[in-house]
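Reading the structure
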Amino acid sequence: ETGVTQTPRHLVMGMTNKKSLKCEQHLGHNAMYWYKQSAKKPLELMFVYNFKEQTENNSVPSRFSPECPNSSHLFLHLHTLQPEDSALYLCASSQDRTVQETQYFGPGTRLLVL
Amino acid sequence: QKEVEQNSGPLSVPEGAIASLNCTYSDRVSQSFFWYRQYSGKSPELIMSIYSNGDKEDGRFTAQLNKASQYVSLLIRDSQPSDSATYLCAVNQAGTALIFGKGTTLSVSS
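In what follows, the accompanying structure is described.

Section: the overall build of chain A
Scanning chain A from terminus to terminus reveals zero helices and 11 strands. For chain A, the α and β elements follow one another from N to C terminus as β-β-β-β-β-β-β-β-β-β-β. Looking at chain A residue by residue over its 114 residues, the buried ones come to 48%. Element-wise, carbon and sulfur atoms account for 50% of the exposed surface of chain A, whose accessible area totals about 5,400 Å². In chain A, the 11 positive side-chain charges and the 10 negative ones have mean positions that sit 8 Å from each other.

What about the sheet that holds strand β3 (residues 19–25) of chain B?
Strand pairing in a sheet relies on backbone hydrogen bonds. The paired strands run either parallel or antiparallel. All names here are of chain B. Pairing is antiparallel across the open sheet formed by five strands, whose spatial order is β1-β3-β8-β7-β6. For this open sheet the edge positions go to β1 (4–6) and β6 (54–58), each flanked by a neighbour on one side alone. Within this sheet the neighbouring strands show an average axis-to-axis angle of 20 degrees, counted without direction. In terms of strand pairing, β3 meets strand β8 (residues 71–76) through six bridges, oriented antiparallel. Each residue of the ladder has a partner; that of S20, found in β8, is L75.

Looking at the pairing of β3 of chain B
All names here are of chain B. A one-sided burial pattern is seen for β3, the buried positions being A19, L21, C23 and Y25 and the unburied ones S20, N22 and T24. Both β1 and β3 contribute to a ladder of three bridges, which runs antiparallel. By the bridge assignment for β3, V4 is matched with Y25.

Points about the interface of chain A and chain B
Each partner contributes residues to the interface: chain A has 21 residues there, and chain B has 22 residues. With both sides pooled, the region where chain A packs onto chain B buries about 1,600 Å², and carbon together with sulfur makes up 55% of that total. Summed over the shared surface of chain A and chain B, the result is zero salt bridges. Applying the counting rule to chain A against chain B returns three residue pairs in polar contact (both at pLDDT 80 or more). Within the residue set of the side of chain A that touches chain B, elements represented by two or more residues are β4 (31–37) and β9 (87–94) of chain A. The residue makeup of the side of chain A that touches chain B, split by class, is nine nonpolar, five polar and seven charged.

Some details on the state of the cysteines
All names here are of chain B. Within the structure shown, the criterion is met by two disulfides over all chains. Disulfide pairing places C23 opposite C89 at an S-S distance of 2.1 Å. Because the sign of the S-S torsion sets the handedness, a value of about -75 degrees for the bond joining C23 and C89 places this disulfide among the left-handed ones. Of this pair, C23 sits in strand β3 while C89 sits in strand β9 (residues 85–92), and the two are 66 residues apart along the sequence.

A few points about the sheet that holds strand β7 (residues 64–70) of chain A
Residues and elements named next belong to chain A. Judged by pairing direction, the sheet is antiparallel, and its four strands sit side by side in the order β1-β3-β8-β7 without closing on themselves. At either end of the open sheet lies a strand with only one pairing partner, and these are β1 (4–7) and β7. If you compare each strand with its neighbour and ignore which way they point, the axes differ by 20 degrees on average. With five bridges connecting them, β7 and strand β8 (residues 73–79) associate as antiparallel partners. Looking across to β8, one finds that N70 is bridged to H73.

The rules behind the values
- Residues numbered from 1 in each chain as written.
- Chains lettered and ligands numbered in written order.
- Predicted model: local features only at pLDDT ≥ 70, side-chain atom pairs only at ≥ 80, totals over all residues.
- Heavy atoms only, no water.
- Helix = DSSP H or I, 4+ residues; strand = E, 2+ residues; numbered from the N terminus.
- Buried < 20%, exposed > 50% of the residue type's maximum accessible area, 1.4 Å probe, protein only.
- Areas by Shrake-Rupley, 256 points an atom, 1.4 Å probe, with all protein chains shown as cover.
- Lys, Arg positive; Asp, Glu negative; His and termini not counted.
- Charge placed at Lys NZ, Arg CZ, Asp CG, Glu CD.
- Pairing = 2+ DSSP bridges.
- Axes fitted to C-alpha atoms, helices over the stretch in contact; angles between N-to-C directions.
- Contact = heavy atoms within 4.5 Å.
- Buried area = accessible area lost by both parts, 1.4 Å probe.
- Salt bridge = Lys/Arg side-chain N within 4 Å of Asp/Glu carboxyl O.
- Polar contact = N/O pair within 3.5 Å; in protein donor to acceptor, adjacent residues only side chain to side chain.
- Nonpolar A, V, L, I, M, F, W, Y, C, P; charged D, E, K, R; others polar.
- Disulfide = S-S within 2.5 Å.

Pasting the structure below:
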């Protein structure tokens, strides 16, 4: 798990709070991803960055705002979330976006919105 | 809508038996296929990847791919209690993101 790190590991926030999730990869990869994992649902891709440029936004509500300042760091800014946004948020990275590229996941941030 | 289907389980096997996990996908042009293992409360970790029809073996794990039938499976030989986890099937094609199934929960009893 040390290749991709995420902080915080657990987060509880109210619906009016603003918080940020941080992801850092130490693998020299160029592509980074945010996923949402809710109970009894498949992993849902949220955002993709390749060489710091956002290449996919999977119809994610604007209360989630990603930021990728460089190829090693990825943030997910959260504001005015809803209780249904409570989930495990996973960051992943891969060398690039070629079809055979393996994605490596961070440990995730367990988010609870009250 | 591209879909990846897995039986949610739980699949229960005794220690030492072969566990067979199955996955079907809807997009016929899919090119890459991955099996991830996810322990409760942990993040997914890659077990196997397969890109060509046939079998690919790695230790106790064998991935099988049949593109004509749009079917990929994972066999775990000599199952151990430590194999108890949720197994996620993921599929993609060039230039698109991975599509994950909901996962199959495997329980290996000692």
